[in-house]
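The lines below spell out each chain.
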Amino acid sequence: MAAIKTGGIFLHLFISKGSACFREYVQNGFNVFRIGTVQKAAIAALLMVLLYVPVTGQSIKAAGRFYFTDDFEKTTRGGRSQFWIEDHTGDDWNIVALAKNHVYGVRATAERSYSWLHVFERDVDLTARFYIKEAEPEEALLGFSVRFNSKEALTGIWYDLSEKHWYISERRGLDFTERVLVTSPVVALKPGAWQKVRIIARGNRLEFYCNDMKKPLMVTDALTHDSPGRVAFCARQAQVYFDDLVLKLLSRQGRVNKGVLEYNLNPEDGKFREGASVIEKKNGELVLLHRSEEYHSTDSGATFKGPFPITWPYNNDAHHSMLRLRSGRIIKMVAEYNTTGKHAFDAPLRYRAKISEDDGKTWSDAGVTWNDFVPDALTMNDKITQMPDGRIFFVITRRTHVDQPARGHKSVIYYSDDEGKTWKESANDTKSITKLDHYCESKVIYTTDGKLRLYTPWSEAPGIHYAESSDNGVSWKGDHPSDSLKNSRSSFALIEDPYAPKPTFYMVWVYDDLYASLINYLPRDRLALARSYDGKTWEYLMDVERWVSPNVKAGRRAIVQILDPSLTATKDYLFITIGRSEKEGKQGHNEQRLRLYRVKKADLEPYRDWPSVY
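Residues numbered from 1 in each chain as written. Predicted model: local features only at pLDDT ≥ 70, side-chain atom pairs only at ≥ 80, totals over all residues. Heavy atoms only, no water.

Some thoughts on the overall build of the protein chain
Heads up, the rule is: Counting from the N terminus, the helices are DSSP H or I runs at least four residues long and the strands are E runs at least two residues long. Throughout this description, buried means an accessible area under 20% of the type-specific maximum (1.4 Å probe, protein chains only), exposed means over 50%, and partly exposed covers the range between. By definition in these notes, contact holds between two residues if any of their heavy atoms fall within 4.5 Å.
A count of helices and strands for the protein chain gives one helix and 47 strands. Classification of the 614 residues of the protein chain by burial places 56% in the buried group. Within the protein chain, counting contacts between residues at least 6 apart in sequence, those at least 24 apart form 57% of the total.

What follows is the structure, given as structure tokens:
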């Protein structure tokens, strides 16, 4: 017998020779009655219907991960949807009351205004209704987008109100121009009336239906923008209402996530930015540091002001490593060089701990990790942690066999028991525990069985590895793969949540298959978020970002690369930053732009099964 619960009803399945019988048990009642008998051949289909429970715009459950609906009824009029996102500085989209119904409306804007769902899926089946309230006929446009990676990388279905026709177009990024794939005959939409559309995108084919759901108005088999992406509404110079969205995720890889805000910092200045660090001050303000720049937020990360010249300790090292200690002080590791002024990337250095007792206003010197200045040492952002007993760990990367053309890397671990005043080096580094030539950008956390783990994302292996310590980090043993944590030679972020009532760790990393390097060099197109309650076993929470791009014009290097994530937990949110390249550039990482994601912790739901396509 198998039991399935749907809403307030339990269905019990009794299988016998050649047939099956379903009986319905109504909660809070005692009547049991026979629904009917079906042949075994029909059982699988019926079970799929029962299990394919839709996810509404008000609650997400793992069982309904591939089916999302939103009629906007449970959102307060004038409020913001918890699923739909718009430009973080905009206020164009709101819930509107219309004839006793709630709908999602956009005001007339001079430029295209988008609102999107945080979901990453290539193949989708979408239906929705829309209503044109009013519009400027010469400039008005409305539309829907699938595979929405950015405003310059998407597949769009548009209605031009002046020309009175629909058209399908796509653009693959800033390095590409928009291509119109197909245009419909004249379609005069009735003003003041609801219209219904359906979009089916699968592979290189897209079918579009308007009002007549039996016959497509437009069909194209010429899609080339084949990245998983978001789903979006759009309008320009028109006040439009949208309602009754039904979204089926046909690729069965993504999920519509709740409570996410995402945006680029300073997209207008075109400056190369990759990697950042965020820390929360005691008054709730946020400070974001990016190299020699500083940003501030007083609205829980909804916006950041800046960049300003950095006021926190900094000495032209590439990345910041800082941490709020259990005592309330802030520790920041700062590079010291044996020369002043500009220096080479691999100039000899050492790291000094700086301590602030007033939330970054003033700083005092603590100890150095080592006394001499050594070359070929570096650290990525926030490779510093503190254990429950107060011990602080700081991990650096050292290049090995530097006199050879192909350099290896290892992680060297330092620890302090007096909040950075003095430092000791672990008895062994990672060169002694692995045969891998690259093994670096590591970070230490504790596990609930009393041991420590050194997680390492950057190696030749196809996933994140870890070593263990049974003596509180004095020495390290073993090189173990974490099979589920696929990774493609890229850094990661790993933290303990200081607000959680029990040990809770979060990790963000580039969740890619290293062996896809046969297609392009080091794919870095998917950022994942996972959680652990013991430091050892991990549950998949969401795709934070996903954008599969074409390669650069000359070479196998992808245009879009996700780099150097950071992760910070406040009472209500996780803050994630990355560098994301959106167009080709002269540097190996192309034109990186600093991007921030704010994720509401209360809305996080683990996947039932890990995604299998990287």
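Considering the nonpolar core
Where we set the bar: Grouping buried Ala, Val, Leu, Ile, Met, Phe, Trp, Tyr and Cys residues that are joined through side-chain atoms within 4.5 Å yields what is termed a nonpolar core.
In terms of nonpolar packing, the biggest core is built from 46 residues, with F130, F144, W166, F233 and L247 touching the most fellow members. No other element matches strand β20 (residues 238-249), which puts six residues into this core. In terms of nonpolar packing, the next biggest core, distinct from the first, is built from 43 residues, L141, V260, Y295 and F304 among them.

A few points about the pairing of strand β22 (residues 277-280)
Stated precisely, the cut-off is as follows: Only strands joined by at least two bridges in the DSSP assignment are considered to pair.
Every second residue of β22 is oriented toward a common face, with S277 and I279 on one face and V278 and E280 on the other, all of them buried. Across four bridges, the pairing between β22 and strand β23 (residues 286-290) is antiparallel. What sits directly across from E280, in β23, is L286. Hairpin connection between β22 and β23: a loop of five residues separates the two successive antiparallel strands, and G284 in this loop has a positive phi of roughly 95 degrees.

Section: the packing of aromatic side chains
Under the convention used in this document: Each pair of aromatic rings taken from Phe, Tyr and Trp, with Trp reduced to its six-membered ring, is defined by centres within 6.5 Å and is described as stacked if the planes are under 30 degrees apart, edge-to-face if over 60, and tilted in the remaining cases.
Following the criterion strictly, the structure yields 37 aromatic pairs and no others. Between F233 and F242 the ring centres are 4.3 Å apart and the planes differ by 5 degrees, which places this aromatic pair in the stacked class. Accessibility expressed as a relative area gives 0% for F242, which makes it buried. Both rings, one in W370 and one in Y414, keep their centres 5.3 Å apart while their planes meet at 40 degrees; by these two values the pair is tilted.

Some points on the pattern of salt bridges
Quick note on the threshold: We define a salt bridge as a contact between a side-chain nitrogen of Lys or Arg and a carboxyl oxygen of Asp or Glu at a distance within 4 Å.
This structure, assessed with the given rule, holds 40 salt bridges. For E262, the salt bridge is made with R595, and the minimal N-O distance between the two is 3.2 Å. A residue pair is termed long-range when its members are at least 10 positions apart, and E262 in strand β21 (residues 260-264) and R595 in strand β47 (residues 592-600) qualify at 333 residues. On the basis of relative accessible area, R595 is assigned to the buried category, the value being 7%. For D417, the salt bridge identified is with R391, shortest N-O distance 2.7 Å.

Some remarks on the environment of E121
Following the sequence through the fold, E121 ends up in strand β10 (residues 113-121). Along the sequence, E121 and S251 sit 130 residues apart, while their C-alpha atoms lie 6.4 Å from each other. The contact partners of E121, leaving out residues within four places of it in the chain, are R147, S227, P228, G229, L249, L250, S251, R252, Q253 and G254.

Examining the sheet that holds strand β42 (residues 505-510)
Rules: Orientation is described by lines fitted to C-alpha atoms, with helices fitted over the stretch in contact, and by angles between N-to-C directions that extend from 0 to 180 degrees.
In spatial order, the strands read β41-β42-β43-β44; together these four strands make up an open sheet with antiparallel pairing. Unpaired on one side and paired on the other, β41 (492-496) and β44 (539-546) mark the two borders of the sheet. Between one strand and the next, the sheet's axes are offset by a mean angle of 15 degrees, whatever the strand orientation. Pairing between strand β43 (residues 526-532) and β44: six bridges, direction antiparallel. Within β44, the residue paired with A530 across the bridge is Y540.

Observations concerning the environment of T447
Looking at where T447 falls in the secondary structure, it is placed in the loop between β36 (443-446) and β37 (452-456). Between the C-alpha atoms of T447 and T537, which are 90 residues apart in sequence, the distance is 9.8 Å. Excluding residues within four positions of it along the chain, T447 makes contact with L452, R453, D534, G535 and K536.

A look at the pairing of β21
On a regular strand, one side chain projects to one face of the sheet and the next to the other, so that they alternate. Of all the five residues making up β21, five are buried; the element is thus mostly covered by neighbouring parts of the structure. Of the strand pairs in this sheet, β21 and β47 are connected by five bridges, and their pairing is antiparallel. Looking at β47, one finds that Y263 is bridged to L596.

With respect to the sheet that holds strand β24 (residues 293-297)
A sheet is described by the order of its strands in space; here four strands give the open sequence β22-β23-β24-β25, paired in antiparallel fashion. At either margin of the open sheet sits one strand with a lone partner, and together these are β22 and β25 (305-309). When the angles between neighbouring strand axes are averaged without regard to direction, this sheet yields 25 degrees.

Describing the side chain of T385
Inclusion rule: Polar contacts, as used here, are pairs of N or O atoms within 3.5 Å; protein pairs need one atom able to donate a hydrogen and one able to accept it. Residues neighboring in sequence count only if both atoms are side-chain atoms.
Looking at where T385 falls in the secondary structure, it is placed in strand β31 (residues 384-386). Judged by its relative accessible area of 9%, T385 falls in the buried class. Here V444 takes part through its backbone oxygen, which lies 2.7 Å from a polar atom of the side chain of T385. Ignoring sequence-local partners within four residues, the contact set of T385 consists of L323, R391, I392, F393, K443 and V444.

Comments concerning unusual backbone geometry
Note that the residue after G306, namely P307, is joined by a cis bond; omega there is 10 degrees. Phi is positive for R291, which is not a glycine, with a value near 50 degrees. Residue position: R291 is located in the loop between β23 and β24. If you check the backbone angles, N590 has positive phi at about 60 degrees while not being a glycine. Locating N590 in the fold gives a position in the loop between β46 (573-581) and β47. Owing to a relative accessible area of 0%, N590 belongs among the buried residues under this scheme.

Side note on the side chain of R147
Within the element layout of this structure, R147 appears in strand β12 (residues 141-150). We classify R147 as buried; its relative accessible area is 1%. A distance of 3.3 Å separates polar atoms of two side chains, one belonging to R147 and the other to D123.

Topic: the confidence of the model for the protein chain
To keep things clear, this is the line we draw: Confidence scores labelled pLDDT are given residue by residue by the predictor and lie between 0 and 100.
Per-residue confidence for the protein chain gives a mean pLDDT of 88; residues scoring 70 or more make up 87%. Below a pLDDT of 50 lies the segment residues 1-53, which in the model reaches 77 contacts outside its immediate sequence neighbourhood of four places, other chains included. Per-residue pLDDT stays below 50 along residues 58-63; that stretch engages in 19 contacts with residues further than four places along the chain or on separate chains.

Looking at a negative patch on the surface
This is how it is decided: Like charges are joined within 9 Å and nonpolar side chains (Val, Leu, Ile, Met, Phe, Trp, Tyr) within 5 Å, but only among residues with over 30% relative accessible area and no salt bridge; these make up the patches. We get accessible surface area from the Shrake-Rupley algorithm with a probe of 1.4 Å; when it comes to residues, only the shown protein chains can shield them. Note on charges: Lys and Arg go in the positive column, Asp and Glu in the negative column, and His and the chain ends are not counted at all. To locate a charge, the coordinates of NZ of Lys, CZ of Arg, CG of Asp or CD of Glu are taken.
A cluster of acidic residues, E134, E136, E138 and E139, forms a negative patch on the protein surface. Considering the arrangement of structural elements, one finds E134 in strand β11 (residues 124-135).

Quick word on the environment of G450
Summarising the element assignment, G450 is placed in the loop between β36 and β37. Distance from G450 to N472, taken between C-alpha atoms, is 8.6 Å for residues 22 residues apart in sequence.

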